[in-house]
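Overview (structure and organization)
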Amino acid sequence: MIGSHVIGLSRLGFKRDIKITLEKCFISDKNEFHKLKDDLIEIKKKILYKNWLIKILNQITYINVGDFSLYDHILDNIFNVCAVPNRFGSSLSLKNYFNCARGDEANQPMEMKKWFNTNYHYIVPEYNIKTNFQYNKNCFLRKDLNFANIFKSKIKLIIIGPITLLKLGKIKDNILKNKLFLLPKLLESILRMIINLCKLNNNIKIIQIEEPVSILNLSKIWLENIKNVYSLICLYFKNILFTTYFDEINKNLINYLKDIKFYAVHVDLNNNQENYFMKINLKSKYISLGLVNGRDIWKNDLEKSYYIISKFNNRKIIISTSCSLIHSPVDISLENKNIKKIKYWISFGVQKIEEINIINKLYSDLNSGLFINKKFIKNIFFIKNKKKSKLIFFKKVQNKLRKICFQDFNFRNNINEDVHKNYFKKNFLTTNIGSFPQTRKIRKIRSDFKNNLIEKIFYEKLIKREIIYILKKQLDYRIDVLVHGEPERNDMVEYFAEIINGYAITKNGWVQSYGSRYVKPPIIYGDLFLKSYMTINWIKFSQKFIKKPLKGMLTGPLTMIKWSFIRNDQPFYITAIQISIILNKEILKLERLGIKIIQIDEPAIREFLPIKKNKYNKYFNWSSKSFLLIYKNLKNTTQIHTHVCYSDFKNIINLIDNLNVDVISIETARSNFDIIDSLKRYKRSVGLGVYDIHTNRKMSIDKAIYIIKLILSNIKKDKIWINPDCGLKTRKWKDIDKSLINMVSIKPLLN
Ligand code: MET
Ligand SMILES: [Zn+2]
């Protein structure tokens, strides 16, 4: 058998075992915390134990220590080297670890950011001139290593490399000019840590140092430093597994690394990248092939994997997942009838580990017993079965796709601005982004209906009652353009996915988003088409009750894809176009109903941006095309809004411009000067998200006015709308009442 390993494993437990205790810890006082802590550690041990056992049962060469985290692995690594931000003091306790992640009475939490192009958020390290790295002798790794001794297995120690730890961090003072200044001390602490941990447990046979920043554009000075750091590390340690994932390693970096004697270099073969990696010439003894995709949910095509391996026949190889399995749900065997029809095409985390075992056996001994051959044959069967399944291909959809031509992309070139102005004559129009508080009552109505406890008619009656309440509230606040409030939607993507054919919803397919927050992305498995209209019923009803304009509310194709698991048998953009065709039908129906404004949310538009700059244009091209298709045959008098949930749109301002929407609503509550600058180039209307809905604090009138006045230097007042910076579903009525009154009250102060 050749060697095998798994880059990382899910930390949720099979049934989100850790969530409840974790969340209790977040809100507990000192005494309670003390008691809860022991429970938490017990749960963690159970999860670790199961994770190790799965690997052992599947004959994976190494069990992992260092891939578990109670909140986030970057935060763990910050604690490993004592880089706690000053405002949280120097304590390395678990309580302080949670304080850093969640904030405490006095301090803002550390920032979170999306982990490369995934939906996982990591905690952003903070540095300043005084950051004093040291090896934390009580780091979590130590305890986990002790515990791992119950198995006598070979251990793979996992840490985040010093370059990634620095590069992803933020400088928090005005003195430190260059993060690389901190590198020597950081490197020293990491070396000390590895030496100490290896002394502690001599089952550590291999050290996975993750440097995902290797896929980014790196300046010469960073490249030189990576070379120096790893030359030194590999001088001390002969068993370093240099680990990259998500994309190709930066070409220039390969030159810098070519003489370093790594034990192995791990590469992600997820996107047909084998040809790229076949050619790279590194001195590592082994190449670790990330064959089993850690980011999708499809069965590995074992035949294809075998073929890829054969291309590397001049190298010594180890077999692995492309990246950590935290991006994939835990175990398909927990699924019930919801995805019964497609279950045999799917692999979640546990099944992916089994696949590594099969690939390994296949490769090592083609004549291995009947058992494995059986699994291989079964795999070939299911892969073939999927390729021609009637569940996937629908002639009607395929025909529509084939017929799409240039004229179908409505560029909205001849928008009549005067018509738009005639509907809404005032400057600084106010509106909302869509959702309103999801009260316990609303959730119960939905879950009762789902569990067949109430009839459809009754369910609709109850939801309509909620809509009326939300509409009345907005009239009280004197909002100009109203929304129905989305009480029928749990999660916006899941809501639409339930209605669209070709989508499946899992029961337990949870994936960590951050800390104790998990998401359950629906699965797109086949051609997408509508079973019925998706929003019309609710909008039609709402419209009857008000004279003021009502905004229709849809989710765009990019978000529908990015927040789902998608097909691996066709490119993204084909799936996007299928969604756009559906949205087109819906939007035309809304127009026919007399809805004059329609919002198509695209909160994931930025997350989709490829990692490599040279892929930006391709993304801009297909994503804007799919958006323009939604407007096919739409009148130019219907006003289109979109909403994105972040302010950092420096790199995508051109893309947003190409969507040809009339109004884009963005987050400005935590505004910085970057947005104001970016807006200089933007010629259309902008909805300013002046109310920060991510905290339960009341909206500040002064701050909002200050920001709007700054923005007025770049955008005319008849192009400015005022709104919260996202939907209000996570807020309570008592929080939003005052804030929305405040929001409307700033209008007269601006005119
Ligand atoms: C994550 S963006 C959310 C937009 C959606 N319309 C809402 O208001 O909830
Ligand atoms: Zn949003």
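In this text, all values refer to a predicted model and were calculated from it rather than measured experimentally.

1. Notes on the coordination of the zinc ion (ligand 2)
- Donor atoms from the polypeptide that coordinate the zinc ion (ligand 2) comprise H643 (NE2), C645 (SG) and C726 (SG), at 2.0 to 2.2 Å from the metal.
- Counting residues between consecutive donors of the zinc ion (ligand 2) along the chain gives the motif H-x1-C-x80-C. On the criterion of sequence distance, the pair formed by H643 in strand β19 (residues 639-643) and C726 in the loop between β22 (720-724) and α26 (733-745) is long-range, its members being 83 residues apart. Taken as a pair, H643 and C726 share a single burial class, namely buried.

2. Some points on the environment of W298
- Mapped onto the fold, W298 is located in the loop between β10 (286-292) and α11 (302-311).
- On the accessibility criterion, W298 (3% relative accessible area) is buried.
- Through-space distance from the C-alpha of W298 to that of R567 is 8.4 Å; in sequence the pair is 269 residues apart.
- Sequence-distant contacts of W298, that is, excluding residues within four places in its chain, are made with W345, I346, S347, K352, K386, I523, I524, Y525, I566, R567 and N568.

3. A look at the nonpolar core
- One finds F98 and Y230 to be the most contacted residues of the largest nonpolar core, which totals 129 residues.
- Taken together, domain 1 (65-326) and domain 2 (395-750) each give at least three residues to this core, which thus spans both.
- Other than its neighbours up to four places away in sequence, F98 contacts L22, C25, F26, F33, L40, L70, Y71 and G103.
- Ranked by size, the runner-up nonpolar core spans 104 residues in total, among them I467, I600, M699 and I722.

4. With respect to the sheet that holds β22
- Overall, parallel pairing links the seven strands, which are arranged β12-β22-β21-β20-β19-β18-β17 in an open sheet. Two strands lie at the open edges of the sheet, namely β12 (429-430) and β17 (551-555), each paired on one side alone.

5. Thoughts on the UniProt feature "binding site: Zn(2+)" (unreviewed entry) in the chain
- Under the feature "binding site: Zn(2+)" (unreviewed entry), the UniProt entry names H643, C645, E667 and C726. These annotated residues cover 84 residues of sequence, and their C-alpha atoms lie no more than 9.0 Å from one another, placing them together at a single site.
- In this fold, C645 is placed in the loop between β19 and α23 (653-658).
- Among the residues examined, C645 registers a relative accessible area of 25% and is labelled partly exposed.
- Other than its neighbours up to four places away in sequence, C645 contacts P603, E667 and C726.
- Setting aside chain neighbours within four positions, we find C726 in contact with I433, H643, C645, I693 and H694.

Rules and cut-offs
- Residues numbered from 1 in each chain as written.
- Chains lettered and ligands numbered in written order.
- Predicted model: local features only at pLDDT ≥ 70, side-chain atom pairs only at ≥ 80, totals over all residues.
- Heavy atoms only, no water.
- Donors = N, O, S within 2.8 Å, 3.2 Å for Na, K, Ca; no water.
- Helix = DSSP H or I, 4+ residues; strand = E, 2+ residues; numbered from the N terminus.
- Buried < 20%, exposed > 50% of the residue type's maximum accessible area, 1.4 Å probe, protein only.
- Contact = heavy atoms within 4.5 Å.
- Core = buried A, V, L, I, M, F, W, Y, C linked by side-chain atoms within 4.5 Å.
- Domains from an automatic or database assignment.
- Pairing = 2+ DSSP bridges.
- UniProt positions renumbered as here; feature names shortened; annotations may be inferred.

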